[in-house]
Amino acid sequence: MAHQYKKRTYEEAQELARLALRECVEENLSKEEIAQMRDSMLLTGGTFSEVWSEIVGYPIQEDLFYEYHLYKPSEECPYIEKSYVKILAPRDRKFKTCYFLWKPPVEKYDGPWFE
């Protein structure tokens, strides 16, 4: 059945990203990292990484993609202990390719520090 809307919802794109991740995670993370990720990961979406245009090959328009970030949270600022992967998932239903940024560095936090 055809969808009424041309764009995926956030949850639909998240499911597409999850399925794509399952297909390639073992090629990019060690068994220990995968186990650690399963035990402690947090999934968020939000600010797009600047490197996506280099990975995809063209400037990224945020209204065409969702970005998901899987990381190990920390109790202290910057609240990210280890970053496992960032995933770029298309909003348009015509496209199914997800892009991955494996083990990106934890971005420098220059905001207010909380105790």
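The following paragraphs examine the structure supplied in this document. None of these values were measured; they are calculated from a predicted model.

1. Describing the nonpolar core
One finds Leu 21, Tyr 68, Val 85, Ile 87, Cys 98 and Phe 100 to be the most contacted residues of the largest nonpolar core, which totals 19 residues. Apart from residues no more than four positions distant in its own chain, Phe 100 is found in contact with Ala 20, Leu 21, Cys 24, Trp 52, Ile 55, Val 85, Lys 86 and Ile 87. Of all hydrophobic cores here, the second largest spans six residues; its members include Phe 48, Trp 52, Val 56 and Phe 65.

2. A few points about the environment of Thr 97
When you line up the elements, Thr 97 lands in the loop between strand S3 (80-90) and strand S4 (99-102). For Thr 97, a relative accessible area of 48% corresponds to the partly exposed category. Between the alpha carbons of Thr 97 and Lys 31 there is a distance of 25 Å; along the sequence they are 66 residues apart. The contacts of Thr 97, once residues within four sequence positions are left out, are Leu 88 and Pro 90.

3. Some thoughts on the side chain of Ser 83
Mapping Ser 83 onto the fold places it in strand S3. In this structure Ser 83 comes out as buried when scored by relative accessible area, which is 4%. Within the local environment of Ser 83, its side chain forms a polar contact with the side chain of His 69, the two groups lying 2.7 Å apart. In this structure Ser 83 touches His 69, Leu 70, Tyr 71, Lys 103, Pro 104 and Val 106, once residues within four positions along its chain are discounted.

Calculation criteria
- Residues numbered from 1 in each chain as written.
- Predicted model: local features only at pLDDT ≥ 70, side-chain atom pairs only at ≥ 80, totals over all residues.
- Heavy atoms only, no water.
- Core = buried A, V, L, I, M, F, W, Y, C linked by side-chain atoms within 4.5 Å.
- Buried < 20%, exposed > 50% of the residue type's maximum accessible area, 1.4 Å probe, protein only.
- Contact = heavy atoms within 4.5 Å.
- Helix = DSSP H or I, 4+ residues; strand = E, 2+ residues; numbered from the N terminus.
- Polar contact = N/O pair within 3.5 Å; in protein donor to acceptor, adjacent residues only side chain to side chain.

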